[in-house]
Amino acid sequence: MRGRIGTGERVPDAPLAWLVGDDIRTTSMIELSRGARVVVVGVPGAFTPICTRTHIPQFVEMAPSLQASGFSKVICVTGNDPWVTQLWADRLDPEGRLVFLSDGNLEFGRRCGLTRNLTDLFGGERLDRFTMTVCKGFVERLSVEPSPMEITCTSADSCRLAEI
Ligand code: BEZ
């Protein structure tokens, strides 16, 4: 197991999935940030209370101002499978302001050192709750919640106001 990815490091070229009809398509953070600056919010689980009621709705609401502050995309990554991820995206973001991607195999999360064991909550291994800004394939800024049950340093507002 590797340590946590740091500022200035290249993001892993790990597949992230979404659905087109019943077909799984994949992309990567390298591809999504090619020639661009993107903001990524990683969450432990679709349909879990904090992610669903508080954390991701902030990003949906603030997506236009995040875009106005220089991010070409706002990307939500979760360790759920692509079907659950899609259903959750449809529920939370019917206008499609965010890009929702499945890291269902946790390859991106593990290669970034951004997973944790949530066995106590019957969650198994999950993504950490984190925000990451990525410019042209490199991490510019990373904030990881010490506890996945809190939002202290990963709010949408903290991304918009961050000095890069
Ligand atoms: C949440 O409410 O977002 C949550 C609940 C259990 C595990 C991880 C996250």
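See the structure shown above.
Novice: Can you help me understand the site of the ligand in this one?
Specialist: Contacts to the ligand come from Pro44, Thr48, Pro49, Ile50, Cys51, Leu118, Leu121, Arg129 and Met149. Contact distances for the ligand include 2.9 Å between an oxygen atom and a side-chain N or O atom of Thr48. At 3.0 Å from an oxygen atom of the ligand is found a side-chain nitrogen or oxygen belonging to Arg129. About the coverage of the ligand: the protein hides 88% of its 260 Å² of free accessible area.

Novice: Looking at this structure, how should I read the pairing of strand E5 (residues 99-102)?
Specialist: Every regular strand shows the same layout, with side chains that alternate between the two sheet faces. Relative to E5, strand E4 (residues 73-78) is paired through 4 bridges, and the arrangement is parallel. Following the sheet pairing, Val77 is matched in E5 by Leu101. For the segment spanning E4, helix H3 (residues 82-92) and E5, crossover handedness is right-handed.

Novice: Would you take a moment to explain unusual backbone geometry for this structure?
Specialist: Trans is the common state for peptide bonds, and a negative phi is the common state for residues other than glycine. Although it is not a glycine, Leu106 sits at a positive phi angle of roughly 60°. Since its relative accessible area comes to 7%, Leu106 is described here as buried. Phi is positive for Phe122, which is not a glycine, with a value near 60°. With respect to the element layout, Phe122 can be found in the loop between strand E6 (115-117) and strand E7 (125-127).

Novice: Mind showing me how you'd approach the nonpolar core here?
Specialist: Note on soluble globular proteins: their nonpolar side chains tend to be buried together. Residues Val11, Met29, Val40, Ile75, Phe108, Phe130 and Met132 are the most contacted members of the largest nonpolar core, which totals 22 residues. Among the elements of the structure, helix H1 (29-32), strand E3 (37-43), E4, helix H4 (107-112), strand E8 (130-135) and strand E9 (138-144) are those that each provide at least two residues to this core. The residues contacting Met132, other than those within four sequence positions of it, are Ile5, Val11, Val38, Val39, Val40, Phe108, Cys112, Leu114, Val139, Arg141 and Leu142.

Novice: I'm lost on the packing of aromatic side chains in this one. Help?
Specialist: Note on aromatic pairs: each is described by the distance of the centres and the angle between the planes. All chains considered together, the criterion is met by 1 aromatic pair. Where Trp88 meets Phe100, the ring centres are 5.8 Å apart and the plane angle is 80°; that geometry is what we call edge-to-face. Note that Trp88 is positioned in helix H3 and Phe100 in strand E5, a separation of 12 residues in sequence.

Novice: What am I meant to see in the pattern of salt bridges here?
Specialist: A pair can form between side chains of opposite charge whenever their charged atoms are brought close. Per the stated rule, a full pass over the model turns up 6 salt bridges. Arg25 serves as the salt-bridge partner of Asp23, at 4.0 Å between the closest nitrogen and oxygen. For Asp23, a relative accessible area of 44% translates into the label partly exposed. The exposure class of Arg25 is partly exposed, given its relative accessible area of 37%. Arg116 serves as the salt-bridge partner of Asp128, at 2.5 Å between the closest nitrogen and oxygen. Of this pair, Asp128 sits in the loop between E7 and E8 while Arg116 sits in strand E6, placing them 12 residues apart in sequence. On the basis of relative accessibility, which here comes to 22%, the residue Arg116 falls in the partly exposed class.

Scoring rules and cut-offs
Residues numbered from 1 in each chain as written. Predicted model: local features only at pLDDT ≥ 70, side-chain atom pairs only at ≥ 80, totals over all residues. Heavy atoms only, no water. Near = heavy atom within 4 Å. Polar contact = N/O pair within 3.5 Å; in protein donor to acceptor, adjacent residues only side chain to side chain. Areas by Shrake-Rupley, 256 points an atom, 1.4 Å probe, with all protein chains shown as cover. Pairing = 2+ DSSP bridges. Helix = DSSP H or I, 4+ residues; strand = E, 2+ residues; numbered from the N terminus. Right-handed = clockwise from strand over helix to strand, strands pointing away. Buried < 20%, exposed > 50% of the residue type's maximum accessible area, 1.4 Å probe, protein only. Core = buried A, V, L, I, M, F, W, Y, C linked by side-chain atoms within 4.5 Å. Contact = heavy atoms within 4.5 Å. Phe/Tyr/Trp six-rings, centres within 6.5 Å; stacked < 30°, edge-to-face > 60°. Salt bridge = Lys/Arg side-chain N within 4 Å of Asp/Glu carboxyl O.

Nothing here speaks to function; it is all geometry.
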